[in-house]
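Structure at a glance
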Amino acid sequence: MALDEKREKSASFTPMMIEEDAALRNGSRGLSGQWADAVGVRPRTTERHITVHKRLVLGFAISILALLVVTMIAVLLSVRFEECSTAAAADSPARASGNGSLPGAARLNHDAGEPPGRQEEAPGEEEEWQRRRQPPPWTQLRLPRHLRPLHYNLMLSAFMENFTFCGEVNVQIECLNASRYIVLHAHRVHIEAVQVAEDKLSGAVRVSSFFLYPQNQVFVVVLNRSLEAQRSYNLKIIYSALIENELLGFFRSSYVLHGERRFLGVTQFSPTHARKAFPCFDEPIYKATFKISIKHQATYLSLSNMPVETSVFEEDGWVTDHFSQTPLMSTYYLAWAVCNFTYRETTTKNGVVVRLYARPDAIRRGSGDYALNITRRLIEFYEDYFKVPYSLPKLDLLAVPKHPYAAMENWGLSVFVEQRILLDPSISSISYLLDVTMVIVHELCHQEKQRFLTDVLHEVMLLDGLASSHPVSQEVQRATDIDRVFDWIAYKKGAALIRMLANFMGHSVFQMGLQDYLTIHKYGNAARNDLWNTLSEALKKVGKFVNIQEVMDQWTLQMGYPVITIMRNETADNIVVISQEHFIYDIDAKTRDPDLGNNSYLWQIPLTIAVGNTSHISSEAIIWVSNKSEHHRIAALDETSWLLGNINQTGYFRVNYDIRNWRLLIDQLMRNHEVISVSNRAGLIDDAFNLARAGYLPQNIPLEIIRYLSEEKDFLPWHAASRALYPLDKLLDRTENYNIFNEYILKQVAAMYLKLGWPTNNLNRSLVQAAYQHEELRREVIMLACSFGNKHCHQQAATLISDWISSNRNRIPLNVRDVVYCTGVSLMDEDVWEFIWMKFHSTTAVSEKKILLEALTCSDDRNLLNRLLNLSLNSEVVLDQDAIDVIIHVARNPHGRDLAWKFFREKWKILNARYGEALFMNSKLISGVTEFLNTEEELNELKNFIKSYKEGAASSFSRAVETVEANVRWQMLYKEELFQWLRKSLIH
């Protein structure tokens, strides 16, 4: 079954989930995927963990389209417990035997070490099905289709003192085919009692037995007689469970206020974790309405997808909130929270109430105000663009200390990790403010036009260039596999493909087709082909006939992407040979894997192309390339002109040229780079570095391209160069001749560093595009200068740190604080590290806390790095999601890479237990720790480690092995070639 068919996401107006990996971008040179996320490079004496920050909400109109639709296609303590037990006794439904009673506490079956809710399978049921020679319905990977839920009435009681909850769920179900079995999902819950009755009738259907089947995370109710087709029934289940100290289902988090630790409970159900909070039909196809009631102590408040209708207060200090009924929706969009937060609110012009809930101290400081106001404006924008009104009466933004993702777009209750939505205007950099903006935009769709190239397209192409990649749409065999396919391939590649599609369709036609699609499938289920067919129909309306499904299936059902090579014909100036092949970083993988080497990969490629000379570039034309090799006539091409393919990098592929054309492009950049657009300059840099990394291009070409940067005044090409240099720096930073590479990069940066200088602390906070671009460019250049050891940059950073320590006043310019912190820690003595450690503990500002923690990983002192690694596992000191960042950043420090790798192996059982189910986080950890290992010894250590720990994370470890093999291969084949060219270049 295809992933998107398994997922069958709602086509209604919903944003998308993003992985906490994005957090590495803020205040760090974080990597997402295999090679690089946000980039910069280290000081000569230390690794650098400084970010290249993101994002501005300007120019949405094109790329917003891309990332909304990816939501649719990328897919795919001792306390009272009387209320639950009293309800059970009153209705006398069937009960689980042997559970006993725990007066005054949630009944959780921990006998003999069993997990909560584990009942043995009913005797004789398996034998009956064996006699029938049929597999029992509960052993199937999908729920049987003989029932469908219509409505859930869910009543919860949350006990925050001992982190338990109990619930009663009443599910109105329709029987489609007669059966005496009810099979639905439940996982890690303890079932107290079950009752089945005919809907609207008093007669009960006797329950013979019920049991959990953990292999498939399902709960089975066996009836004495069959349910009749075309009849409705009510299924009532009373259960209890833990509010887990983890990251999925209904879990708990905490924060400290006025020296007191406070707790909250929050949910994360996508993609398959609602079953941990209540028994349900936990597949996207089973849409239903939900009526939620939550009972909690009056010192807390509760939130859910819909507004509170009524609140019933009791004399003993408890309150029950009854929420309005939801629209038709899937279980993974259901959400609730129990917390003692406060809020601020605003209202859109169409009357949608938007509130931001956070810790009381953060609300008092106004840390959520920016996010709140930008959310209101974005809702208004999207309602106008898509011609679809926001479908709920309210939207709550909830900022929590701990969450497996940066954010989750539950209908009406979007949950964010604090560092992705809260900022303190007095100490947050422009970059951090923009980063917060883009996380919100990502949840309410997505993103600024040019930054899409570096932050989405370039990033995902790094991951998708591995032989261990996978298609956007892929088959999933069991529930436990679903999490594994929701990676950046699903999300960011999906976004890039939609961007390409919108470009060749024409944006107005694409917008029309998208509006039609959203209208047709609102509140319904939609699969991949529904979108393709609607877009094909939109093209027909304007007289164009393109089978979108035929084109896009090659991009969504095949892994990877092509590299287009354009070669001039030696005998005719205006004839070119255009060929395509599957781009792979480790070309040797094609010989090891017959499936990769059989040349069967083909794409229908919308190649845009233009011809240029020293002063002019032609308008673009489009050539559809569908064969391995094709000849094409380019009329304006002569021996003095150059060719440029994939204009503005709208296509999801790389472009290579013959060396002559590369030389002409380099010459053009050196003479007058503005003839080539900003996006194309960034694209040329990214393509050249990655083509050379994979062996398609000589190693000197990308280094020659960046020589023009001394005249480059736009941020995007500098950002692309910084990101592209990052993995190369990591391959070289422990080599004997690293100083040669270091010297070359410093030479390219020096002129612009002197020209731009350092910012003052009086930044204009206005989000004007020009000011933003200038400040981000300045920051990028300062980061590179300090990273590669520019003496003036080091002196400036040390002076600023010393002034802060001596005066206890932080006068470091906001936009470069992370650069200064990291550089100071790397250059100065242990006292500076201890000072930063003290400030990390004392600050309450989320953005400042994050960059202080990451600065601690920049030290050259291995004892301090080891100390920090060990402290990272203490959740009272470092939040769970931040611990991953600490380990990864230490791994990026050449002085700590082996320490982090050793720590990872020694603590793997602890780390896997903590993050194993949150596969986004586990994958990020494995990738971040291993991606820059590059010796034969380290490769063997990785392979031996995997053999010792076979359980879990197989795909992540497979990618890690491939990445390290490619690193070792590059060292063997290309390192000396690079150094030889650098030596000659520096001499001349």
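Notes on the structure follow.

How each quantity is defined
Residues numbered from 1 in each chain as written. Predicted model: local features only at pLDDT ≥ 70, side-chain atom pairs only at ≥ 80, totals over all residues. Heavy atoms only, no water. Helix = DSSP H or I, 4+ residues; strand = E, 2+ residues; numbered from the N terminus. Buried < 20%, exposed > 50% of the residue type's maximum accessible area, 1.4 Å probe, protein only. Axes fitted to C-alpha atoms, helices over the stretch in contact; angles between N-to-C directions. Parallel < 35°, antiparallel > 145°, perpendicular 65-115°, else oblique. Left-handed = near helix turned anticlockwise from the far one by under 90°. Contact = heavy atoms within 4.5 Å. Phe/Tyr/Trp six-rings, centres within 6.5 Å; stacked < 30°, edge-to-face > 60°. Lys NZ or Arg CZ within 6 Å of the ring centre and 35° of its normal. Pairing = 2+ DSSP bridges. 1 Å grid on protein atoms, 1.4 Å probe; cavity = no way out; pocket = protein on both sides within 12 Å on 5 of 7 lines; lining within 4 Å. Points joined across faces, edges and corners; volume = space filled by probe spheres on them. Disulfide = S-S within 2.5 Å. Salt bridge = Lys/Arg side-chain N within 4 Å of Asp/Glu carboxyl O. Nonpolar A, V, L, I, M, F, W, Y, C, P; charged D, E, K, R; others polar. Expected span 1.5 Å × (residues − 1).

1. Observations concerning the overall build of the protein chain
- Check the secondary structure of the protein chain and you find 32 helices and 29 strands.
- Here the protein chain holds 988 residues, and 66% of them are scored as buried.

2. Some points on the packing of helix α19 (residues 715-732) against helix α20 (residues 738-756)
- The interhelical angle for the contact between α19 and α20, taken along N-to-C directions, is 165 degrees, at an axis separation of 11 Å. Considering the angle they form, α19 stands roughly antiparallel to α20. Between α19 and α20 lies a crossing whose hand is left-handed. On the side of α19, the interface is formed by W718, L725, L728, D729 and L732, while α20 contributes Y738, F741, I745, Q748, V749 and M752.

3. Section: the packing of aromatic side chains
- Going through the model one piece at a time under the given rule, you end up with 46 aromatic pairs.
- Look at F945 and F957: their rings are 5.8 Å apart centre to centre, the planes differ by 65 degrees, and that puts the pair in the edge-to-face class. Of the two residues, F945 is situated in helix α31 (residues 936-948) and F957 in helix α32 (residues 954-987); the sequence distance between them amounts to 12 residues. Here F945 matches F957 in class, with each residue buried.
- Chaining the aromatic ring pairs together yields one cluster made of Y152, F165, Y239, F250, F269, F278, F290 and W336.
- Sitting over the ring of F163, R252 keeps its end group 4.1 Å from the ring centre.
- Sitting over the ring of F583, R654 keeps its end group 5.3 Å from the ring centre.

4. With respect to the pairing of strand β6 (residues 190-198)
- Counting buried positions along β6 gives eight out of nine residues, so the element sits mostly inside the fold.
- Taken together, the two bridges between β6 and strand β7 (residues 204-205) define a ladder with antiparallel strand orientation. The residue of β7 that forms the bridge with A197 is A204.

5. Quick word on the layout of surface pockets
- Counted as a void, the largest pocket has a volume near 620 Å³.
- Forming the boundary of the largest pocket are 28 residues, of which Y255, V256, T843, K849 and L879 lie nearest the centre.
- Elements with a minimum of two residues in the lining of the largest pocket: β11 (249-257), α24 (830-842), α25 (846-856) and α27 (880-892).

6. Regarding the pairing of strand β5 (residues 179-185)
- Counting buried positions over the seven residues of β5 gives six, a clear majority of the element.
- Bridging between β5 and strand β9 (residues 218-227) involves six bridges; their strand directions are antiparallel. Following the sheet pairing, Y181 is matched in β9 by V222.

7. Regarding the state of the cysteines
- By the definition in use, this model includes two disulfides.
- Across a sulfur-sulfur distance of 2.0 Å, C822 and C858 are joined as a disulfide pair. In this structure, the disulfide formed by C822 and C858 twists by about -105 degrees around the S-S bond and is classed as left-handed. Taken together, the residues span a long stretch of sequence, with C822 in helix α23 (residues 817-827) and C858 in the loop between α25 and α26 (862-871) at a distance of 36 residues. For the pair shown, C822 and C858 are each scored as buried.

8. Focus: the pattern of salt bridges
- On inspection of all chains with the given rule, the structure shows 55 salt bridges.
- With its nearest N and O atoms 3.1 Å apart, the salt bridge here joins D714 to R681. Of this pair, D714 sits in the loop between α18 (700-705) and α19 while R681 sits in helix α17 (residues 678-693), placing them 33 residues apart in sequence.
- With relative accessibility at 30%, the residue D714 sits in the partly exposed group.

9. Quick notes on the sheet that holds strand β23 (residues 562-568)
- Ordered in space as β27-β24-β23-β29, the four strands form an open sheet in which the pairing is mixed. Across the chains shown, the open sheet's two edge strands, defined by having one partner strand only, are β27 (629-633) and β29 (654-657). Adjacent strand axes in the sheet meet at a mean angle of 25 degrees, parallel and antiparallel pairs treated alike.
- Relative to strand β24 (residues 575-582), β23 is paired through seven bridges, and the arrangement is antiparallel. Bridging from a neighbouring strand, V563 pairs with E581 of β24.
- Against the sheet, α17 engages β23 and β29, with an angle of about 75 degrees to β29.

10. Here's the deal with the sheet that holds strand β17 (residues 336-339)
- Spatially, β11-β12-β17-β14 is the arrangement adopted by the four strands of the open sheet, whose pairing is antiparallel. Each of the sheet's edge strands pairs with one partner strand only, and the pair in question is β11 and β14 (301-304). Neighbour-to-neighbour, the strand axes of this sheet turn through a mean angle of 15 degrees, independent of strand direction.
- Bridge count for strand β12 (residues 260-268) against β17 is two bridges, and the pairing is antiparallel. Paired with V266 across the bridge in β17 is A337.

11. Some thoughts on the packing of helix α22 (residues 791-807) against α23
- Across the interface, α22 lies against α23 with an axial gap of 9 Å and an inter-helix angle of 95 degrees. The orientation of α22 relative to α23 falls into the category roughly perpendicular. Mapping the contact onto sequence places H794, A797, L800, I801 and W804 in α22 and V820, Y821, T823, G824 and L827 in α23.
- Partitioning the contact of α22 with α23 into residue classes produces seven nonpolar, three polar and no charged.

12. Comments concerning helix α12 (residues 528-541)
- With 14 residues, α12 ought to run about 20 Å at 1.5 Å a step, and its terminal C-alpha atoms sit 21 Å apart, in line with that.
- Taken as a whole, α12 has its buried residues at R528, L531, W532, T534, L535, S536, A538 and L539.
- Phi turns positive, to about 80 degrees, at G543, one or two residues after α12.

13. Some thoughts on unusual backbone geometry
- Looking along the chain, the bond that leaves S270 and enters P271 is cis, with omega of 0 degrees.
- Residue placement: P271 occurs in the loop between β12 and β13 (289-297).
- Its identity is not glycine, yet Q230 carries a phi of approximately 65 degrees, on the positive side.
- Counting through the fold element by element, Q230 comes out in the loop between β9 and β10 (231-242).

14. A short note on the environment of L423
- Position of L423 among the secondary structure elements: in the loop between β22 (413-417) and α7 (430-444).
- The class for L423 is buried, based on a relative accessible area of 4%.
- Spatially, the C-alpha atoms of L423 and S367 are 4.7 Å apart, while their sequence positions differ by 56 residues.

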